[in-house]
Amino acid sequence: MGCRLHNLSVPSLSAGGKSLIFCIVSEKKENIMYSECKISGLCCEFLNNPIGIDETIPRLSWKINDLRQGARQTAYQVVAASSIQKLSAKPDLWDSGMVSSDQSLDVIYGGKKLKSRQQVFWQVRVRDYKGEWTDWSERASFEIGLLKSADWQAEWISHDFPKLTPANESCPFMRNEFEVKTGLVKARAYVTARGLFELHLNGKRVGCDHFTPGWTDYHKRIQYLTYDVQSLLVEGKNAAGAILGTGWYAGGLLWYNGRHFYGDQMSVLMQLELEYSDGSSQTVVTSPDWKTTTGPILMSEIYHGETYDARREMTGWSESRFDDVAWPKAKVVDAPKVPLVSIRSTPVRKQEELTVVGLTEPVFGVHVFELTQNMVGWARIKIRGKAGQEVVVRYSEMLKDDGTLYLDNLRTAKCTDRYICKGDGEEIFEPHFTFHGFRYIEITGLCEKPQMADVTGIVLHSGIDPTGVFECSEPLVNKLQSCILWGQKGNFFEVPTDCPQRDERLGWTGDAQVFIRTACFNRDVAAFFTKWCIDLEDSQDEAGAFPHVAPDVLCNVKGLKEEVGCAAWADAGVICPWTIYLCYGDKRILERHYKSMTKWIEWRVKNSKNLICEKSIFGDWLAIDISQGDPGRSPTPRDLIATAYFAYTTEIVSKVAGILGHTADKKRYCDLHKKVKITFQKEFISPNGRVAGDTQTAYLLALGFDLVPVKQQKHAVERLVREIEVRGTQLSTGFVGTPLLAPVLTKFGRADLAYKLLLTQTYPSWIYPILQGGTTMWERWNSYTKDKGFGNANMNSFNHYAYGAIGEWMYNTVAGIELDPNKPGYKNIIIKPQPGEGITWARAELVSRYGLIVCSWKLDGKKLSVNGVIPPNTTATVILPGKKPKSIQSGKFEFESVQNPASLTF
Ligand code: RAM
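Residues numbered from 1 in each chain as written. Predicted model: local features only at pLDDT ≥ 70, side-chain atom pairs only at ≥ 80, totals over all residues. Heavy atoms only, no water.

## What about the site of the ligand?
Phase 1: Taken together, the neighbourhood of the ligand is formed by Asp 498, Arg 502, Glu 504, Trp 508, Asp 511, Trp 569, Phe 618, Trp 621, Phe 735, Glu 779 and His 800.
Phase 2: Side-chain polar atom of Asp 511 to an oxygen atom of the ligand: 2.3 Å apart, as the coordinates give it.
Phase 3: Within the contact set of the ligand, an oxygen atom lies 3.4 Å away from a side-chain nitrogen or oxygen of Trp 621.
Phase 4: The fraction of the free accessible surface of the ligand (290 Å²) that becomes covered by protein chains is 97%.
Phase 5: In the shell around the ligand, the residues fall into five nonpolar, one polar and five charged. (Near = heavy atom within 4 Å. Polar contact = N/O pair within 3.5 Å; in protein donor to acceptor, adjacent residues only side chain to side chain. Areas by Shrake-Rupley, 256 points an atom, 1.4 Å probe, with all protein chains shown as cover. Nonpolar A, V, L, I, M, F, W, Y, C, P; charged D, E, K, R; others polar.)

## Observations concerning the confidence of the model for the chain
Phase 1: Residues of the chain with pLDDT of at least 70 account for 94%, and the chain-wide mean is 93.
Phase 2: Long-range and interchain partners of residues 1-35, a stretch whose pLDDT sits below 50, account for 57 contacts in this model, where long-range means more than four residues apart.
Phase 3: Scored below 50 in pLDDT, residues 901-906 shows 16 contacts in the model against residues more than four places distant or in partner chains. (pLDDT = per-residue confidence, 0-100. Contact = heavy atoms within 4.5 Å.)

## Observations concerning the packing of helix α12 (residues 710-726) against helix α13 (residues 738-747)
Phase 1: The contact between α12 and α13 brings their axes to 11 Å, and the two run at 125°. Classified by the angle between their axes, α12 and α13 sit oblique to one another. Our pair here, α12 against α13, has a crossing hand that is left-handed. In this structure, α12 contributes Leu 720, Val 721 and Ile 724 to the contact, and α13 contributes Leu 741, Val 744 and Leu 745.
Phase 2: Of the residues assigned to the contact of α12 with α13, the class counts are six nonpolar, no polar and no charged. (Axes fitted to C-alpha atoms, helices over the stretch in contact; angles between N-to-C directions. Helix = DSSP H or I, 4+ residues; strand = E, 2+ residues; numbered from the N terminus. Parallel < 35°, antiparallel > 145°, perpendicular 65-115°, else oblique. Left-handed = near helix turned anticlockwise from the far one by under 90°.)

## What about the layout of surface pockets?
Phase 1: Computed from the structure, the second largest pocket encloses a volume of approximately 1300 Å³.
Phase 2: Along the walls of the second largest pocket sit 33 residues, with Tyr 648, Gly 704, Pro 743, Glu 808 and Glu 818 positioned nearest its centre.
Phase 3: If you list the elements that add at least two residues to the lining of the second largest pocket, you get α5 (509-522), α7 (572-584), α9 (638-659), α13, α16 (807-815) and β39 (817-819).
Phase 4: Per element, the largest residue contribution to the lining of the second largest pocket is six residues, and it comes from α13.
Phase 5: Its residues assigned to classes, the lining of the second largest pocket comprises 18 nonpolar, seven polar and eight charged. (1 Å grid on protein atoms, 1.4 Å probe; cavity = no way out; pocket = protein on both sides within 12 Å on 5 of 7 lines; lining within 4 Å. Points joined across faces, edges and corners; volume = space filled by probe spheres on them.)

## Some details on the environment of Leu 740
Phase 1: The topology assignment puts Leu 740 in helix α13.
Phase 2: A sequence separation of 394 residues divides Leu 740 from Thr 346, and the C-alpha atoms of the two residues are 31 Å apart.
Phase 3: What Leu 740 contacts, discounting residues up to four positions off in sequence, is Leu 700, Leu 701 and Phe 705.

## Quick notes on the packing of aromatic side chains
Phase 1: Applying the stated rule across the entire model yields 53 aromatic pairs.
Phase 2: When the ring of Phe 618 is compared with that of Trp 621, the centres are 5.2 Å apart and the planes differ by 75°; the resulting orientation is edge-to-face.
Phase 3: Residue placement shows Lys 181 over the ring face of Tyr 276; its charged tip is 4.6 Å from the ring centre.
Phase 4: Here the guanidinium or amino end of Arg 505 rests over the ring plane of Phe 435, the centre of that ring lying 4.9 Å away. (Phe/Tyr/Trp six-rings, centres within 6.5 Å; stacked < 30°, edge-to-face > 60°. Lys NZ or Arg CZ within 6 Å of the ring centre and 35° of its normal.)

What follows is the structure, given as structure tokens:
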């Protein structure tokens, strides 16, 4: 339990601003004042002391805290036992012995076979670079969940009232009572639902997770959660209760008012396992003995909001001695035919609170509250009203000129909460199974004037801990970083979504693959993407094509099923696991998805004509020069986009084959990559370096994916530069080209131009939306302009992270922290800041899995000073303008180089 609401404010983005990492690290009580050498941060499968995991050969990781220059691990020893006592006395599960190795991440558990419910306590000690052993670390633990279907004795139960219809959308409440004997020593609740669930025990909500059991393709797998509930139980009579919501399973999904995508009846499964000091055990399960009814939640839908009638509250409904005589019995329903799997990532939780900074009444009785920030979650509202009085709460990201809510971009999503007062003095309302994307909250139906303090913005998103800070001398770029981060927070909601406000909120594959590198800088998304890569693989069709969204809910939409395999979107199936491997050093994600990656490449081979691919449904989505207003009709030839991506992902798969030791495959994909590259060159590149289409995106793909022959590169770069300059130094790219702009210009010696584009303030640019009032990334460069108003409402999200993919370049080029693909997970770090005109200092921090990396530079005339920190057990290669690359050991570093920044050469 013990959830804390993190009230993290955005760090002050000035040179002297407080480091966000410092706040986070100290909040987690990690020892950042390193002593000689200590071990901390023990985790298992990216999670701290997880319970209920289903990896039977889990991997263990730790961090080494050692301030000494060159500190590193030279050996380790891990011990594991089935109890704390045995861990100290004689570990009965595993003793790795002394292993001479610097591996501190993902050490594979090599002890006795683990079975369902097995609890494992473990510790590690390491030998430092001076040959001295540390003390044993603090103890950590992990616990296996229910591995076999036979482990489940509980039955799936449902409500006994008519199936969900628009007329009956009430959320079922379910309950039962049970006895707990004396001497309870352990209690676990294993729980899941078809729909969303809230579990209650003795009047208290279990855990602090929301939107559980999360979103997977429920036709393929359903996640369950495990909670330690010992502290919620009492000796004697106890009660358990569950509330169910429709969620993604049975609620509205997509823009045509589709419902019941996976099923039309919600159901819950709960198994409470109790262990006593005398060695006995007891299991409490959902069964036909449970009772069910409807309560105050008359409707709660992800897109549409919640209607809550407080008069119907049933005080004490999940406590013992509650009178449920009038409640009908629950009914047992068929168990799903798909596996139940343990949740793999940290669920959605309340993460921050935002206070109201403005309150207006643009129309009599219509109260509009303003937050500082466009956000995702809901509003907590204090209300005083008469019994039966209905208060209506609506949400919007923007206001119209008259100060009322701009709702057009929500399309069919109603995003409306209704609260019917019980008339009991001050009442506090927060919805249950809905979320909204908003900066403004409108309340009507109040009988007295509200106060600003009556409303609070509750920010919800998946558990993705902060890892990155970026700041520099240009406040507008710092604001851009803040917009990117809020775009990530708002859209990392169970799956990486495209937008959190309208009737969509889907796991668009293209958006995710262009943003994933940036996401990995800002936040710890290892577990989040480990889970979503499974969703991706689940969504792959038999033939090997990946769809536009995962979980794939577009497959039933007329015409869309045939569209699978779209370049840059479907390629997420290769790029996402690969990026997680690079950023976190996780080889298992490659092993797990290797087959699916190769299947995708083979699909391309089969569906190409002489290795030219054509499938690029969305083109360079939302590029500037789109014809006939169709966002997919960009002037960059579609076959060029598709063939470029074919080459790119084939090359990645050839590398993966090599890493995994599949020698024959490696050869096959290396050869295939060469052939596709030659085909691309013949088909799309003229002898003088002109790339078909002559668009920025065409050059960016060709140069960025290394498809241009060396002798033509100079010409291709010149044409790319010309294309940018003839527009008055402006970009024309869409979702496909934009992420490549700054990296490609930098790679080919034109970082100066990348800086110019970054700092451009006119349309189209990253800064332009900020000058129009943006606090998040927008779907279009001109989603709103002060002179022309709102863009096409049909597709106009004010919280859309795709263009935020520039964040990767801000971290790795402006600030200078980059990974080394040959030593992934930042085992070797590339420190390569590339200052450019207009910025005089920059600084980034990144909490890698090895520890904190810092790189900070400032320019003083021609003098460039760079300093920072490399974590223990890693090395770095420092590459500074005009200097030879230098290898350094862990610890602090400081360098100077004298160079004219306008002519920086690397
Ligand atoms: C829209 C969204 C999404 C994009 C697709 C093609 O619905 O903008 O981001 O990937 O279209």
